[in-house]
Amino acid sequence: MRWLRDPLLVIEGLTMRFGGLVAVRDFSFSVGRGDITSLIGPNGAGKTTVFNCITGFYKPTSGLMVLSTGGPIDAQAVSDLTASSRRYVCRDDRMGSDGLFLLERMPDFEIARRARVARTFQNIRLFPGMTVLENLVIAQHNPLMHASGWSLLGLFGAESFKQAEAAAVDLARYWLDRIELTHRADDAAGALPYGDQRRLEIARAMCTDPVLLCLDEPAAGLNPKESLALNTLLRAIRDEHDTSILLIEHDMSVVMEISDHVVVLEYGIKISDGTPDSVKNDPKVIAAYLGVEDKEVADVEAEVGL
């Protein structure tokens, strides 16, 4: 159980209020380094709100979100950081590697750049008028701007910028090959079939070199063949690229097939946390998905033949 032994991300007491509505209440869980972790639950459970807090779109009402891009999370270092005048980071080389980050204090662009957290969305957000290749190159905007000296070196055609530009195109081509879209490199991204757009969005996120990839319903709208290809891609990302994955998903065939760790939310409260087998047999989870009280689970299971 790497989420207990070697967590990449630890969330403690996360609460998110919108006026009088509590979307997430005192939520705690960990993402293991090298794990595929699934966050599941009925519609309206608060899953996307959790994602929005992790990636900086929302600032949580309270709670601690600690991510380490280097070694294990050190409790004393976290305590020192939270008590110090430093805003959100220690042990950082200014480019985001080997750092300990308090995500709840960070602006969203810094979470992506320095803490190396990437995400996709429920609704595909590609640049539809750009080519497939351009969508992957533009994801590497930060290193390209750094190499260009914030435009000056690029304008004068400096060799360092040319090398960085070539490296960006090479990385984009690598991911095009991995998602089997090299033959569509020069086509507009908006012209791709839906399943190809889903894979392209994941590849674009991977072009930012994340340590944590957050995927919001990546299998939504996919047919069984496309879901199988998605499973293969996500396993490869975990196994070959040292990237931990946190995903929201309603397709239980995907969740149970690829997850190392499953966390279940209902009405903003955690009701289960463990391996896929333990979670799918948890009476509270069964009750949440069937829409019945815990005490009625046995009766409903018997009625429908579960």
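Notes on the structure follow. Keep in mind the model is a prediction, meaning the values are calculated, not measured.

The rules behind each value
Residues numbered from 1 in each chain as written. Predicted model: local features only at pLDDT ≥ 70, side-chain atom pairs only at ≥ 80, totals over all residues. Heavy atoms only, no water. Salt bridge = Lys/Arg side-chain N within 4 Å of Asp/Glu carboxyl O. Helix = DSSP H or I, 4+ residues; strand = E, 2+ residues; numbered from the N terminus. Buried < 20%, exposed > 50% of the residue type's maximum accessible area, 1.4 Å probe, protein only. Pairing = 2+ DSSP bridges. Axes fitted to C-alpha atoms, helices over the stretch in contact; angles between N-to-C directions. Contact = heavy atoms within 4.5 Å.

1. Concerning the pattern of salt bridges
Side-chain pairs of opposite charge can arise where the charged atoms are in close proximity. A full pass over the atoms with the stated rule returns 15 salt bridges. In this structure, D6 and R33 form a salt bridge, with 3.4 Å as the shortest nitrogen-oxygen distance. Placement of the pair is D6 in the loop between α1 (2-5) and β1 (7-18) and R33 in the loop between β2 (21-32) and β3 (36-40), with a sequence separation of 27 residues. Classification of D6 by relative accessible area gives partly exposed; the value is 24%. Salt-bridge contacts for D187 lead to R184; the nearest nitrogen and oxygen are separated by 2.3 Å. Among the residues examined, D187 registers a relative accessible area of 28% and is labelled partly exposed.

2. Concerning the environment of K284
With respect to the helices and strands, the residue K284 is situated in helix α13 (residues 283-290). Note on K284: relative accessible area 44%, which makes it partly exposed. K284 sits 12 residues away from S272 along the chain, and the two C-alpha atoms are 7.4 Å apart.

3. What about the sheet that holds strand β7 (residues 117-119)?
One open sheet holds the 6 strands; their spatial order is β7-β8-β9-β3-β10-β11, and the pairing between them is mixed. The outermost strands of the open sheet, each flanked by one partner alone, are β7 and β11 (269-274). On average, each strand axis in the sheet is inclined to that of its neighbour by 15°, with strand direction left out of account. Sheet topology note: the β3/strand β9 (residues 244-248) ladder contains 4 bridges and is parallel. Of the residues in β9, the one forming a bridge with S38 is L247. On top of the sheet, helix α10 (residues 224-241) reaches β3, β8 (212-216) and β9; it is set at about 150° to β9, its chief contact.

4. Digging into the pairing of strand β10 (residues 261-266)
One face of the sheet, then the other: side chains in a regular strand alternate in exactly this way. Of all 6 residues that make up β10, 5 are buried, and the element is covered over most of its length. Where β3 and β10 come together, 4 bridges link them in parallel fashion. Bridge pairing in β10 links L39 to V263. As defined by bridge partners, β10 adjoins β11 across 5 bridges and the pair is classed as antiparallel. Residue pairing across strands places V262 opposite G274, the latter belonging to β11. Hairpin connection, β10 to β11: the antiparallel pair is bridged by 2 residues, and Y267 has positive phi, about 50°.

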